[in-house]
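# Fold and geometry: a report
As a plain string of letters, each chain reads:
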Amino acid sequence: MSGRADSGLPKACTGIAGLDAITFGGLPAGRPTLIAGAAGAGKSLFALTFLVNGATRFDEPGVLMSFEERAEDIAANSASLGYDVDKLVAEGKLAIDYVRVERSEIEEAGEYDLEGLFVRLGYAIDKVGARRVVLDTLEALFSGLGDGPVLRAELRRLFEWLKARGVTAIITAERGEEGRLTRHGIEEYISDCVIALDHRVEDQITTRRLRVLKYRGSAHGTNEYPFLIDKGGISVLPVTSAGLQHPIQDAIVSSGIAGLDAMLGVRGFYGGSSILVSGTSGTGKTTFAASFIDATCKRGEKAVFFSFEESREQIMRNMRSVGIDLQAHVDSGLLCFEAARPSLFGLETHLTYMNRTIERFEPVVVAVDPISALRGPQSEVHSMLLRMIDMLKVKGLTAMFTNLTGAHGGDHSDQSLSSLMDSWLGLHHLEANGERNSVLYLLKSRGMSHSNQIREYAITDDGVKLIGAYVGPAGVLTGSARETQEALERDEWLQRRQDSDRRRRDFALKRAASERQMLEIRAALAAEEAEIERLVEQAEGREQRIDADREAMLNRRGGGE
């Protein structure tokens, strides 16, 4: 399929993951592209993948003219990558022409030219209606020529002929010596696009890298990019395409540990964030990561677990002992395990492989355990992790990374890694009173308030359980010291409770006695008040009788006169 870049230059998509992003749309349509590299760098595979993708995905038939491998050898070698070349040939979507060039038959006299090649190639193009052409390799075609004028003239003529036919062409070439890109040193000057492949070995670890050296009429990525060749074909990681424009999410992702979620201001991590779990050996970093994965799969979402130290079977067995059944998630198709020794690939190849796995499985959560297992110069490891985090953020994935630190506290690598992470959990052992206990520090979590308490935790048969924080007179207490102090405080509280109950009973008795006394006084006062009322009534009665007697006496005296 041909597209048009922002610059207006027509482009042909390669269909190779990452390469089209680096070239901003693909190779220049209707123009030749040179792919140069040493033996084993992957030149022929890149070219064949370009043809197969064109025929199967973009409805652009192709022609492969090989000067080194026969058609049956090409079909057999590419079958390991899942390419059914014979079927494409039978369907008329691909033509393969093996041209055997004998060096002894080539003379540097003026009669040497490519006319026969043009006739043969033109016939193959017309036969399948080819839009894509691959010539593999130039060195075999011009093996009998030196660097004289005949070679230069025929090379230019070849490239001009391909342009005139309007096909998008790939020409492979071997690396030159002493810093030269190609053997003859002129191929790159007459090509519209030049891609260099490198297969280097550093510290006994191989790394494949790609660089677009030249692209006329179009912008392109200029860095070196790691690429991977395996049973899934070719994958290129477009490192510089990962920037800081990744989308943010407000969705909350549970850590899988209830107590830890409670420490976070939003009851979990923000979706699309990166989380670092660091700690010394034996603190349960893998268990924290497995809890995170388990919670994701229980929600019916996909997850990928990358392990650099333990096999899938070992992790699943160990997690069953703490009540986490990862096997069930693997069986349901929600969990993908990828386990590999760090020394298997170089750093960037690991990154490319992880990128391919993520694109294939399409998870929402990723766990990497542990990143401290990655080997290499600290600056390169840091760069690789930065690229990994950017890659995950661009894809909107929530990721948890574990990191092994030194036995005596924080590691310098933790400090440099923490700046890349959105949340940071520190797991530590505290030794006191003849025992060792585990505590958790929530050092940071961007975009939310969070607990600043140091929390003790235990790994039980039912997963990770956080224990309430306790700060005693001598600081944070854990284990038996915490239990002893809590028992003392319970005894003190019980004593205070008993004292309070006793004082409350004494007060009740005093109050009852006082109330009885008050009742008796009230009764005595009432009786005295009644007696006074009776005496007053008696006195008033006597007064009334005296007055009546006096009046009667006066009446009698008056009647006598």
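About the criteria used
- Residues numbered from 1 in each chain as written.
- Predicted model: local features only at pLDDT ≥ 70, side-chain atom pairs only at ≥ 80, totals over all residues.
- Heavy atoms only, no water.
- Phe/Tyr/Trp six-rings, centres within 6.5 Å; stacked < 30°, edge-to-face > 60°.
- Helix = DSSP H or I, 4+ residues; strand = E, 2+ residues; numbered from the N terminus.
- Buried < 20%, exposed > 50% of the residue type's maximum accessible area, 1.4 Å probe, protein only.
- Lys NZ or Arg CZ within 6 Å of the ring centre and 35° of its normal.
- Salt bridge = Lys/Arg side-chain N within 4 Å of Asp/Glu carboxyl O.
- Pairing = 2+ DSSP bridges.
- Contact = heavy atoms within 4.5 Å.
- Polar contact = N/O pair within 3.5 Å; in protein donor to acceptor, adjacent residues only side chain to side chain.
- pLDDT = per-residue confidence, 0-100.

### Description of the packing of aromatic side chains
- Tallied over the entire structure, the rule returns 5 aromatic pairs.
- Aromatic pair phenylalanine 118 and tryptophan 161: ring centres 5.0 Å apart, planes at 5°, arrangement stacked. Residue phenylalanine 118 is found in helix H5 (residues 115-128), and its partner tryptophan 161 is found in helix H7 (residues 149-165); the two are separated by 43 residues along the sequence. The same class applies to phenylalanine 118 as to tryptophan 161, namely buried.
- The ring of tyrosine 215 has lysine 11 lying over it, and the distance from NZ or CZ to the ring centre is 4.6 Å.
- The ring of phenylalanine 361 has lysine 302 lying over it, and the distance from NZ or CZ to the ring centre is 4.9 Å.

### Here we look at the pattern of salt bridges
- Under the counting rule described, the total for this entry stands at 25 salt bridges.
- Two residues, aspartate 422 and arginine 446, come together in a salt bridge whose shortest N-O distance is 3.3 Å. With aspartate 422 in the loop between helix H15 (412-418) and strand S20 (423-432) and arginine 446 in the loop between strand S21 (435-445) and strand S22 (455-460), this residue pair connects regions lying 24 residues apart in the sequence.
- A relative accessible area of 41% places arginine 446 in the partly exposed class.
- A cluster of three or more residues bridged by salt bridges with shared partners is formed by Arg31, Lys163, Asp192 and Arg216.

### Considering the pairing of strand S17 (residues 335-339)
- Judged by how many residues are buried, S17 sits mostly within the fold: 4 of 5 residues are covered.
- Note: strand S16 (residues 303-307) against S17, 5 bridges, orientation parallel. Bridge pairing in S17 links valine 304 to cysteine 336.

### Notes on unusual backbone geometry
- The omega torsion of the bond from aspartate 369 to proline 370 falls at -15°, within 30 degrees of zero and hence cis.
- One non-glycine residue, glutamate 362, adopts positive backbone phi at about 55°.
- A residue is classified by how much of its surface remains accessible, and glutamate 362, at 59% relative accessible area, is exposed.

### Focus: the environment of lysine 395
- Secondary-structure assignment places lysine 395 in the loop between helix H14 (378-394) and strand S19 (398-404).
- The partly exposed category is assigned to lysine 395, whose relative accessible area is 33%.
- Taking the C-alpha atoms as reference points, lysine 395 and proline 363, 32 residues apart in sequence, are found 9.8 Å from one another.
- In contact with lysine 395, other than residues within four places in its own chain, are Asn355, Ile358 and Glu359.
- Within the structure, lysine 395 has its side chain in polar contact with the side chain of glutamate 359 (distance 3.3 Å).

### Details of the confidence of the model for the protein
- Looking at the protein, the pLDDT average stands at 82 and 84% of residues meet or exceed 70.
- Confidence drops under pLDDT 50 across residues 104-110; counting only partners more than four residues distant or on other chains, this segment forms 12 contacts.

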